[in-house]
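In case you want the letters, here they are:
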Amino acid sequence: MNIKKKAFITGVTGQDGSYLAELLVKKGYDVVGLDRRCSERDYWRLGETRNKIKIIEGDLMEYESLRRIIETEKPDEIYNLAAQSHVGSSFKTPLTTLDMTGKSVWILLEIIRAVDQKIKIYQASTSELFGGDPGTEPQNEKTPFNPHSPYAIAKLAAFHMIKLYRESYGIFACNGILFNHESPRRGEDFVTRKITIAVARIKAGKQEVLELGNMDAKRDWGFAGDYVEVMYEMLQQDKADDYVISTGETHTVREFVEESFRVAGYEIVWEGKDEKEIGKDKKTGKVLVRINPEFFRPGEVPLLLGDNSKAKKVLGWTPKVTFKKLAKMMMEDDLEKVEKGLL
Ligand code: NAP
Ligand code: F7E
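Residues numbered from 1 in each chain as written. Chains lettered and ligands numbered in written order. Predicted model: local features only at pLDDT ≥ 70, side-chain atom pairs only at ≥ 80, totals over all residues. Heavy atoms only, no water.

Draft legend 1. Fine view of the overall build of the protein. When helices and strands are tallied, the protein shows ten helices and 15 strands. Here the C-alpha radius of gyration of the protein, 20 Å, is about what a compact globule of 343 residues would show, namely 20 Å. With respect to the principal axes defined by its C-alpha atoms, the protein has extents near 65 × 45 × 40 Å. Per-residue burial over the protein gives 54% buried out of 343 residues. Across the protein, the fraction of contacts at a sequence separation of at least 24, relative to all contacts at a separation of at least 6, is 75%. Where the 53 positive side-chain charges of the protein centre and where its 54 negative ones centre are 2 Å apart. (Helix = DSSP H or I, 4+ residues; strand = E, 2+ residues; numbered from the N terminus. Rg over C-alpha atoms; globule rule 2.2 N^0.38 Å. Buried < 20%, exposed > 50% of the residue type's maximum accessible area, 1.4 Å probe, protein only. Contact = heavy atoms within 4.5 Å. Lys, Arg positive; Asp, Glu negative; His and termini not counted. Charge placed at Lys NZ, Arg CZ, Asp CG, Glu CD.)

Draft legend 2. Quick look at the nonpolar core. Ranked by size, the top nonpolar core spans 64 residues in total, and within it Y79 and F261 carry the most contacts. With eight residues, the single largest contributor to this core is helix α7 (residues 224-235). Residue contacts for Y79: discarding those within four places in its chain leaves A7, F8, I9, T10, L20, L24, Y122, M231, Y232, L235 and Q236. The next biggest cluster of nonpolar side chains, apart from the first, holds 22 residues, and it includes I56, L66, I69 and Y165. (Core = buried A, V, L, I, M, F, W, Y, C linked by side-chain atoms within 4.5 Å.)

Draft legend 3. Molecular detail of the site of ligand 2. If you check the shell around ligand 2, you find 23 residues, and the closest are S85, T126, Y151, R297 and E300. At 2.9 Å from a nitrogen atom of ligand 2 is found a main-chain nitrogen or oxygen belonging to D189. Between ligand 2 and E300 there is a distance of 2.6 Å, counted from an oxygen atom to a side-chain nitrogen or oxygen. Notes on ligand 2: free accessible area 690 Å², of which the protein chains cover 95%. Of the residues that constitute the shell around ligand 2, the class distribution is nine nonpolar, seven polar and seven charged. (Near = heavy atom within 4 Å. Polar contact = N/O pair within 3.5 Å; in protein donor to acceptor, adjacent residues only side chain to side chain. Areas by Shrake-Rupley, 256 points an atom, 1.4 Å probe, with all protein chains shown as cover. Nonpolar A, V, L, I, M, F, W, Y, C, P; charged D, E, K, R; others polar.)

Draft legend 4. Spatial organisation of the packing of aromatic side chains. Applying the stated criterion to the full structure yields twelve aromatic pairs. Between the aromatic rings of W221 and F256, the centroid separation amounts to 5.4 Å while the plane-to-plane angle is 55°, which identifies the pairing as tilted. Residue W221 is located in the loop between β9 (218-219) and β10 (222-223), and its partner F256 is located in helix α8 (residues 253-263); the two are separated by 35 residues in the primary sequence. Neither residue differs from the other here; W221 and F256 are each classed as buried. Here the basic side chain of R50 rests over the ring of Y43, its NZ or CZ set 4.9 Å away from the ring centre. Lying over the aromatic face of W270, R254 brings its terminal NZ or CZ to 5.8 Å of the ring centre. (Phe/Tyr/Trp six-rings, centres within 6.5 Å; stacked < 30°, edge-to-face > 60°. Lys NZ or Arg CZ within 6 Å of the ring centre and 35° of its normal.)

Draft legend 5. Main features of the site of ligand 1. Not every one of the 25 residues close to ligand 1 is listed here, only the nearest: T13, D16, R36, S85 and Y151. Between ligand 1 and R36 there is a distance of 2.8 Å, counted from an oxygen atom to a side-chain nitrogen or oxygen. Between ligand 1 and R41, the relevant distance is 2.8 Å, taken from an oxygen atom to a side-chain nitrogen or oxygen of the residue. Of all elements in the fold, only α1 (15-26), β5 (120-126) and α5 (150-169) reach the threshold of two or more residues within the shell around ligand 1.

Draft legend 6. Molecular detail of the pairing of strand β2 (residues 30-35). Taken across its six residues, β2 has five buried, putting it largely inside the fold. Regarding topology, α1 serves as the crossover connection from strand β1 (residues 6-10) to the parallel β2, and that connection is right-handed. (Right-handed = clockwise from strand over helix to strand, strands pointing away.)

Draft legend 7. Main features of the sheet that holds strand β8 (residues 210-212). The strand order β8-β15-β14-β13 describes an open sheet built from four strands, whose pairing is mixed. The sheet terminates laterally at β8 and β13 (268-271), the two strands that pair on one side only. Averaged over neighbouring strand pairs, the angle between their axes works out to 20° when direction is ignored. Two strands pair when backbone bridges link them, and strand β14 (residues 278-281) and strand β15 (residues 287-291) are joined in this way by three bridges, in the antiparallel orientation. Residue pairing in the sheet places I278 in a bridge with R290 of β15. Against the sheet, helix α6 (residues 191-203) contacts β8 and β15, and its axis sits at roughly 160° relative to β8. (Pairing = 2+ DSSP bridges. Axes fitted to C-alpha atoms, helices over the stretch in contact; angles between N-to-C directions.)

Draft legend 8. View of the sheet that holds β1. Pairing is parallel across the open sheet formed by seven strands, whose spatial order is β3-β2-β1-β4-β5-β6-β11. Of all the strands in the sheet, just β3 (54-57) and β11 (243-245) have a single pairing partner and so form its edges. Each strand of the sheet is rotated relative to its neighbour by a mean of 25°, with strand direction disregarded. Two strands pair when backbone bridges link them, and β2 and β3 are joined in this way by four bridges, in the parallel orientation.

Draft legend 9. Spotlight on the environment of F91. Relative to the helices and strands, F91 is located in helix α3 (residues 87-92). Taking the C-alpha atoms as reference, F91 lies 6.8 Å from S149; in sequence the two are 58 residues apart. For F91, the residues in contact, after removing those within four places along its chain, are H148, S149, P150, R297, P298 and G299.

These results come straight from atomic positions and should not be treated as a statement about function.
See the structure below:
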C-alpha cells in the first residue's frame, strides 16, 4: 500500500506557494498550507488547487501555533516559502523583515528539532545573498556572499541556520539559492509584473506612462513554474545540500521593458541619461517610460547571473522557460486581464 506523503507549505498564498501546491497535489501529496489572516482573501493564485489542499490559519512568528500545526499534521516535508520577500520594502521595514525572513527560520528549525527530526525542510534562499559584485558572476554555490539589503541579510542568517542544523543535528535541511523567478502570478510591485501590467494598461488607454527606478540593474529571470519543480527534487535526494537555481542568462530591466512593449506591438526608443532617461513610442513619439527616483533603493544589486551546473548535474534539472518566453507569457496574461477589466 502506498502511503501518501504530506507537505506543509508556508507562503502558500504567494507566487511560488501556489505553483508548488499545484505540483505536489499532482504528485499525490496531501498538502497543508499556512495562511495568515488578512482583511480580504480570494486565493486567486491558487484557483482550483484551493479546494484540493487544507489551509490552516497561523503566522510565521507564532511558535506555539506553528508547533501545534506541525505536531498535529505530522508533515514529511516542510517548504518554507513565507517571508517578507520585497527587497525595496526591506529598507523601509528592516526589523519586521529580519523577523519574518530570518528569525522565522530559527522558529521552524527549533520546532523540527523538538517535534520530529526526520521532517525534511526546504528553505527559500536567494541570489540576493551574493550582492552582485562585479567580477563574481556567474555566481554559484562557492561564490562569496555579500548581502546588500536588510532582506538579504535576514536570508543570509536563515541560510546559515539551515546549514548549521543540517551539520549539527543531522536534519534534512536544504537551501535553494534561487535567482529571480517570475510568472503571471508575480506580485504587482516586483519589477517584471509592474512592467507588464503598465504596458497592458497603456495599450488599453488606462495609463499614460510607466515609471521605474534603476533600469541598468541586471537579473537572471526564470519562470516560477520551473523553479518549484526543483524545490521538490531537492527534498527527494539521499543527501541534503544547497543548490543555485538560475537560467544562466542575464538582462537589464530596460531590456525587459523593451521586450514587453514589443510583445504588445510597440517599439521603444531611448533618449537622455540617468534620471532624465525616457522611453518613447517610435511610431508616435509619445513618452511611455520615465524614471522616478522614488523607486531607487538605498542599496542596489547591480548584476545577478547564476551558474546552475550543480543543479543540472545532481538534480537533472534544466529551466524550460527563458527570458523572451517569460516576458511573452506575462505580457499576454496581463493583456488578457486588462481586456477583461481585471486590471
Ligand atoms: P511572495 O509572492 O511575496 O509570497 C510570500 C508569502 O509569504 C505569501 O504567501 C505571504 O502571505 C507569506 N507571508 C509573509 N509573511 C508571513 C507571515 N508573517 N506569516 C505567514 N505567512 C507570511 O513570494 P514568492 O515570490 O512566492 O517567494 C517565495 C519565497 O522565495 C520567499 O521566501 C522569497 O523571499 C523567496 N525567493 C523568491 C524569489 C523570487 O524571485 N520570487 C527568489 C529567491 C527567493 P500573504 O499572501 O498573506 O502576503
Ligand atoms: O527588482 C529594479 C530594482 O523588486 C529587480 C525578490 O523576489 O528577487 C526579487 O528581488 C530590479 C532591482 O526584484 C523598479 O532596483 C527598477 O534592481 O523585481 P525586483 P529583486 O529586488 O531582484 C530576489 C532573488 C528575491 O529573493 C526577492 O524575494 O529592478 N527596479 N525599477 C525596480 N524594482 C521594483 N520592484 N520596482 C521598480 O519600479
